Amino acid sequence: MKSELIRKKFLNFFQSKQHLIVPSAPIVLKDDPTLMFNNSGMAQFKEFFLGNGTPPSKRIADTQKCLRVSGKHNDLEEVGIDTYHHTMFEMLGNWSFGDYFKKDAIDWAWEFLTEELKLDKSLLYVSVFEGNAAENVPFDQEAFDLWKRYVAEDRIILGNKKDNFWEMGDQGPCGPCSEIHVDLRSAEERAQIPGRELVNADHPHVVEIWNLVFMEFNRKADGSLEKLPEKHVDTGMGFERLSMAMQGVKSNYDTDVFTPLIQKVETITGASYTKNNPNVEQEKINIAIRVIADHVRAVAFAIADGQLPSNTGAGYVIRRILRRAVRYGFTFLDAKKPFVCELVATLAAQMGESFPEIVAQQQLVTNVIREEEQAFLRTLDQGLQLLDQVIAQTKGDTVSGQKAFELYDTFGFPIDLTALILRERNLKLDEAGFEAAMLEQKTRSRAAGEVTTADWVQVNDRELDNPFVGYDSLTNETTLVRYRKIDSKKDGIRYQLVLESTSFYPEGGGQLGDRGTLTFGNEVIEVLDTKKENNLIMHIVAKLPEQLTARVQATVDAVWRKHISANHSATHLLHQALRHILGTHVEQKGSLVAPGYLRFDFSHFSKVTAEELQQVESFVNARINENLPLVERRAIAFADAVAEGAMALFGEKYGDKVRAIKFGDSVELCGGIHVPSTSAIWHFKISSESAVAAGIRRIEAITGEAVANYFAEQESELKEIKSILKNPQDIQKSIKQLQEDLQKAQEQLEKLNKAKFEALATQLSTQGSLQNGIEVFAFEIDADANQAKDVAFAIGANHNHAAILLATNTDGKPGLSIYLSKELVAEKQLNASTMVRELGKYIQGGGGGQPFFATAGGKNPDGIQQAIEAFKAQF
């Protein structure tokens, strides 16, 4: 059965059981501070399990794109090594929010697998929670009895807390679970060892395919459990593993989920993927191909959902995954040019029907991956040169683990590639030293980001349904509902306060959270920030109010809100302007709305010209001058809003009801804060335009008072320039004359320098010493590196067997330039690059180049004379 049909059958089955089928949420979580990525099917439903929101239906089913490469669930280093772990995977799930519980979940799971899919019952095992006396959680007798109706007792395995008690995290909803495992071994293997003995034993062919979680507890900060108000069902079935079982193969990578990608890798690289009894070298190739086929899925869908590779946060994780794929191709498939980008078309053709975002964003994804590959290949090339230097400076047969870590940490050079190269050169790697350096860095990083979160303290039981009232007012009177304490290395003690209602807008959609004050009686508490987590709006304060039950006056900082709203509305007008002037291919790819400025990332294939930027500015300012009123539609159906022309952004999660914002012809779905009319923006000024990634540009701009301050600064600078130029009547003419005079002076200086160094080369040509048939020239000269090169080549032009070292010292930065006549290179196998790396040690630096000419830079000018003497001593 093809994987596409399996997916459809699952969704159709649960639709027949009155489940609402919802689309996959984006793989990247933008407004959840606790997670970078959707790492499980239940992540997008956390607020419903926590009781902080109302689900669109009590029964839901979907297939969710998941990514597990960071934090608690980290499978990255196992991916490709085995045949059943992945970075990105699909999780088929059905959910009950206070509706059905164990019986229906178990009945439907068995019905779907054995009746709908016709999976052989004799291959299936199930597990139930054995209980935990320490936590007063009993053996799951109910699940055991329910399963006995379908399977023999010897196929029901009792699992411990690790295997059969599922938790969202260190705190939060949790409960016992029942797993369904499938035994895919041959009949001969099954006869030798019963499958029950291999369940949860990491056997590649006895694997879990479905986990049925019965959420009935809440894990508190002190580790204790309390009952949830309602019981829920959270199930997750590994789509790739189910496909393996249904297609009768022994590896996820042998299913049609991966075979098109594997075949494309074979075509591109010329390597072959061999399943039957591969030798050691072939298995290395197999692992590389599996890594690439897996990783391109994770990277492509993350980019399609709006996460570009970068050096921080989620972007760093995506860059790391892509670089792992490129590195495996580079090392084991001899892929020295970008190739992962060529797999995107195959992926889009394969998965586009179920996930249309990969088709819509195909060109952008391809371009971004190609540029990332090219950059990393350059990094590898640079790293190889740096590794050569490390090897040249190594005494003995073991390379320092600290040095290897510097290559890894500073330059991104993979440690396993370092180890491979060292083995090829009969050298060892100080692995213990590397691991020690890595642990030290991780410890520092972990300590810096360490956060302790206490349990929520309930002050009263008020409802928290749709508590934001800040669209209409900057202030409201309300009540404190709950709070909790947060302790972090970065900020110290903070408190998160949740109010029954609030005028404070929480950070989201690129807009920073509101600031202001909360007044409890006569006590005023400053709000440092406002954030949203699991549908709770949290006011971040440094001090807990003394009168917790007093009525609260919530007041947003009016100046903050004024600047924020102007910049947010300006981003909408900017988006409209870019699409009007550059083309409708322009799509928003990210934004930041701060009080001082705005930042807008968008898809575009080339640099925006100065003329186009001026047109964009003029377009936005024309809309501002038209004084277009804000037309706001709250709680409109998503489908109706899109049908009326509202722009929905890829990578954003929208509910059934949305808010549409309109200024003239600009219509977007947006939950943020806006001005009542465009004239409140006052003026719009672009401050910069730059590249973010391949096909992604960034514009930064200012509005309102920031523009007024900008013009005032420009006027002040102009007055100062005029004063320096002695107040000419025509300032442009005066500056042009200065430029012409400067150019003439530079040309004259170049002529003088040329004559100077020609004379120096002539003088030095007579001062060499003959050593063993070689004319040796070694001097320190007053010049820069480029001038030293010219002098060295001028000396060498008059000598057939010359070895020349010219040392320089420019502003305390020493340099060495070595020139060797081609005759010396050919006859005596001398190498300037090797020499300069060795001599570079004297000036505490390094370098390289070609056999006949090489340079080195350093930081110890006192070592120049030693380098000169060492150079002479070689001949």
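These lines cover the structure that appears in this document, whether it is placed above or below. Every chain is numbered on its own, with residues counted from 1 as its sequence reads. Predicted model: local features are reported for residues with pLDDT of at least 70 only, side-chain atom pairs are reported and counted for 80 or more only, and whole-chain, interface and lining totals are derived from all residues. With hydrogens and water stripped out, all remaining heavy atoms of the structure feed into the side-chain values.

## Let's talk about the overall build of the chain
In this text, helices come from DSSP runs of H or I with a minimum length of four residues, and strands from runs of E with a minimum of two, each type numbered from the N-terminal end. Within the chain, the regular secondary structure consists of 25 helices and 36 strands. Over its C-alpha atoms, taken along the principal directions, the chain stretches across nearly 100 × 80 × 50 Å. Expressed as a percentage of its 875 residues, the buried residues of the chain come to 51%. Of all intrachain contacts in the chain linking residues separated by at least 6 positions in sequence, the fraction that spans at least 24 positions is 68%. Methods summary: accessible areas were calculated by the Shrake-Rupley approach with a probe of 1.4 Å, and residue burial reflects only the protein chains presented. About 40,700 Å² of surface is accessible on the chain, with carbon and sulfur atoms providing 48% of the total. Categorising residues by exposure relies on relative accessible area from a 1.4 Å probe, with only protein chains included: less than 20% of the type maximum marks a residue as buried, more than 50% marks it as exposed, and the intermediate range marks it as partly exposed. Any pair of residues with heavy atoms lying within 4.5 Å of one another is described as a contacting pair.

## Some details on the sheet that holds strand S32 (residues 774-780)
By this definition, two strands are paired if DSSP reports at least two bridges between them. Spatially, S31-S32-S33-S34-S36-S35 is the arrangement adopted by the six strands of the open sheet, whose pairing is mixed. In this open sheet, the two strands that pair with only one neighbour each are strand S31 (769-771) and strand S35 (846-849). Across the sheet, the mean angle from the axis of one strand to that of its neighbour is 20°, orientation sign disregarded. With three bridges connecting them, S31 and S32 associate as antiparallel partners. Bridge pairing in S32 links Leu770 to Glu775. Axis lines are fitted to C-alpha atoms, over the contacting stretch for helices. Their N-to-C directions set the angle, which ranges from 0 to 180 degrees.

## Comments concerning the pattern of salt bridges
Salt bridges are counted wherever a side-chain nitrogen of Lys or Arg sits within 4 Å of a carboxyl oxygen of Asp or Glu. Summed over the entire model, instances satisfying the criterion amount to 46 salt bridges. In this structure, Asp107 engages Lys103 in a salt bridge whose closest nitrogen and oxygen atoms are separated by 2.8 Å. Here Asp107 and its partner Lys103 are both found in helix H3 (residues 102-116), four residues apart, which amounts to about one turn of the helix. A residue is classified by how much of its surface remains accessible, and Lys103, at 44% relative accessible area, is partly exposed. As a salt-bridge pair, Glu715 and Lys719 come within 3.9 Å of each other at their nearest N and O atoms. Note that Glu715 and Lys719 are positioned in helix H20 (residues 704-724) at a spacing of four residues, about one turn of the helix. Take Glu715: its relative accessible area is 47%, and that puts it in the partly exposed class. Linked by salt bridges that have partners in common, Glu135, Lys161, Glu167 and Arg219 make up one network.

## Here we look at the environment of Glu507
If you trace the backbone, Glu507 turns up in the loop between strand S18 (492-499) and strand S19 (516-520). Relative accessible area serves as the criterion here: at 35%, Glu507 is assigned to the partly exposed category. Sequence-wise, Glu507 and Asp529 are 22 residues apart; in three dimensions their C-alpha atoms are separated by 8.2 Å. When sequence neighbours within four positions are dropped, the list of residues in contact with Glu507 reads Leu512, Gly513, Asp529, Thr530 and Lys531. Within the structure, Glu507 has its side chain in polar contact with the side chain of Lys531 (distance 2.7 Å). Identification of polar contacts relies on pairs of N or O atoms within 3.5 Å, with a donor-acceptor requirement for protein atoms, meaning one able to donate a hydrogen and the other able to accept it, and with residues adjacent in sequence counted only if both atoms are side-chain atoms.

## So, the nonpolar core
The tendency in soluble globular proteins is for nonpolar side chains to be buried side by side. Residues belong to a common nonpolar core when they are buried Ala, Val, Leu, Ile, Met, Phe, Trp, Tyr or Cys residues joined through side-chain atoms within 4.5 Å. The biggest cluster of nonpolar side chains holds 125 residues, and the ones touching the most others in it are Leu113, Trp147, Trp210 and Leu242. Per-element tally for this core: the top contributor is helix H9 (residues 280-304), with 14 residues. The next biggest cluster of nonpolar side chains, apart from the first, holds 26 residues, and it includes Ala570, Leu573, Cys670 and Val675.

## As for the pairing of strand S5 (residues 88-97)
In terms of residue burial, S5 counts as a mostly covered element, since ten of its ten residues are buried. Side chains Met88, Glu90, Leu92, Asn94 and Ser96 of S5 all project onto a buried face; the interleaved residues Phe89, Met91, Gly93, Trp95 and Phe97 project onto the opposite face, where all are buried too. As defined by bridge partners, strand S2 (residues 59-67) adjoins S5 across nine bridges and the pair is classed as antiparallel. The residue of S5 that forms the bridge with Ile60 is Trp95. Pairing of S5 with strand S11 (residues 225-238), which is carried by five bridges, proceeds in the antiparallel orientation.

## Considering the packing of aromatic side chains
Ring geometry is summarised as follows: Phe, Tyr and Trp rings, the Trp one being its six-membered ring, pair when their centres sit within 6.5 Å, and such pairs are stacked at plane angles under 30 degrees, edge-to-face over 60 and tilted between the two. Counted by the stated rule, this structure contains 32 aromatic pairs. Geometrically, the ring pair formed by Trp110 and Trp147 is edge-to-face, given 6.1 Å between the ring centres and 75° between the ring planes. Taken together, the residues span a long stretch of sequence, with Trp110 in helix H3 and Trp147 in helix H4 (residues 141-148) at a distance of 37 residues. Ring pairs connect the aromatic residues Phe10, Phe13, Phe14, Phe112 and Trp210, which therefore count as one cluster. To sit over a ring, a charge needs its Lys NZ or Arg CZ within 6 Å of the ring centre and within 35 degrees of the ring normal. Positioned over the ring face of Phe330 is Lys336, at 4.5 Å from the centre of the ring. Arg482 extends its terminal NZ or CZ atom over the ring of Trp456, reaching a point 5.7 Å from the ring centre.

## Focus: the pairing of strand S7 (residues 156-159)
Successive side chains on a regular strand alternate, one facing one side of the sheet and the next facing the other. Both strand S6 (residues 124-129) and S7 contribute to a ladder of four bridges, which runs parallel. Residue pairing in the sheet places Val126 in a bridge with Ile156 of S7. Between the parallel pair S6 and S7, the chain is carried across by H4, and the sense of this crossover is right-handed. When the strands point away from the viewer, a crossover counts as right-handed if the route from the first strand across the helix to the second turns clockwise.

## Here's the deal with helix H25 (residues 864-872)
Looking only at H25, the buried set comprises Ile864, Ala867, Ile868, Ala870 and Phe871. Down the axis of H25, the buried set is contained in an arc of 165°. They therefore lie on one face. Packed against the buried residues of H25 are S32, strand S33 (802-810), strand S34 (813-820) and helix H24 (832-839). In this description, the arc belongs to the directions extending from the helix axis to the C-beta atoms.

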